[in-house]
Amino acid sequence: MPQRRTIALDVPPAVARAYEAAPPAEHRKFERLLALSLRARTDEAAFARATDRLERTMDEIGRKARERGLTDAALRDLLQEHPGQDDAE
């Protein structure tokens, strides 16, 4: 089971009272909802980092292909010789 940590939140008094008045089962729902919301932010950040890495990798592949003599015209010829499999289906 993953480690858990406690955090403190600064909320308006009415929100704090509503939380305190809610039964324990509701507390767990609020905590899960907040955790999911915050996790989505970290997942978005991870996705952005992965996208950046992919773009850098693709740029590097393109650079190496150009160094080895691949031109835009040659790439077009290769792509026209081998149409996507979706076209054949």
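Residues numbered from 1 in each chain as written. Predicted model: local features only at pLDDT ≥ 70, side-chain atom pairs only at ≥ 80, totals over all residues. Heavy atoms only, no water.

### Things to note about a nonpolar patch on the surface
Phase 1 of the analysis: A cluster of nonpolar side chains, Ile7, Leu9, Val11, Val15, Leu34 and Leu38, forms an exposed patch at the surface whose accessible area comes to about 510 Å².
Phase 2 of the analysis: On the basis of relative accessibility, which here comes to 36%, the residue Val11 falls in the partly exposed class. (Patch = residues over 30% accessible without salt bridge, like charges linked within 9 Å, V, L, I, M, F, W, Y side chains within 5 Å. Areas by Shrake-Rupley, 256 points an atom, 1.4 Å probe, with all protein chains shown as cover. Salt bridge = Lys/Arg side-chain N within 4 Å of Asp/Glu carboxyl O. Buried < 20%, exposed > 50% of the residue type's maximum accessible area, 1.4 Å probe, protein only.)

### A short note on helix α2 (residues 24-67)
Phase 1 of the analysis: In a regular helix each residue adds 1.5 Å, so 44 residues correspond to 64 Å; α2 covers 64 Å between its end C-alpha atoms and thus fits that length.
Phase 2 of the analysis: In the stretch just after α2, Gly69 is the one whose phi turns positive, near 105°. (Helix = DSSP H or I, 4+ residues; strand = E, 2+ residues; numbered from the N terminus. Expected span 1.5 Å × (residues − 1).)

### Some points on the packing of aromatic side chains
The description of an aromatic ring pair uses the distance of the two centres, along with the angle that the planes make with each other.
Phase 1 of the analysis: Using the criterion set out here, one finds 1 aromatic pair in the structure.
Phase 2 of the analysis: Ring geometry for Tyr19 and Phe30: centres 5.9 Å apart, planes at 45°, overall tilted. Placement of Tyr19 in helix α1 (residues 13-21) and of Phe30 in helix α2 is noted, with a sequence separation of 11 residues between them.
Phase 3 of the analysis: Classification of Phe30 as partly exposed rests on a relative accessible area of 38%. (Phe/Tyr/Trp six-rings, centres within 6.5 Å; stacked < 30°, edge-to-face > 60°.)

### Overview of the pattern of salt bridges
Side chains that differ in charge, positive against negative, can pair when their charged atoms come close.
Phase 1 of the analysis: Following the criterion strictly, the structure yields 4 salt bridges and no others.
Phase 2 of the analysis: Here Glu67 makes a salt bridge to Arg63, at a shortest N to O gap of 2.2 Å. One end of the pair is Glu67 and the other is Arg63, both in helix α2 and 4 residues apart, which spans about a single turn.
Phase 3 of the analysis: Overall, the relative accessible area of 57% leaves Glu67 in the exposed class.
Phase 4 of the analysis: Among the charged side chains, a salt-bridge network with shared partners connects Glu60, Arg63, Lys64 and Glu67.

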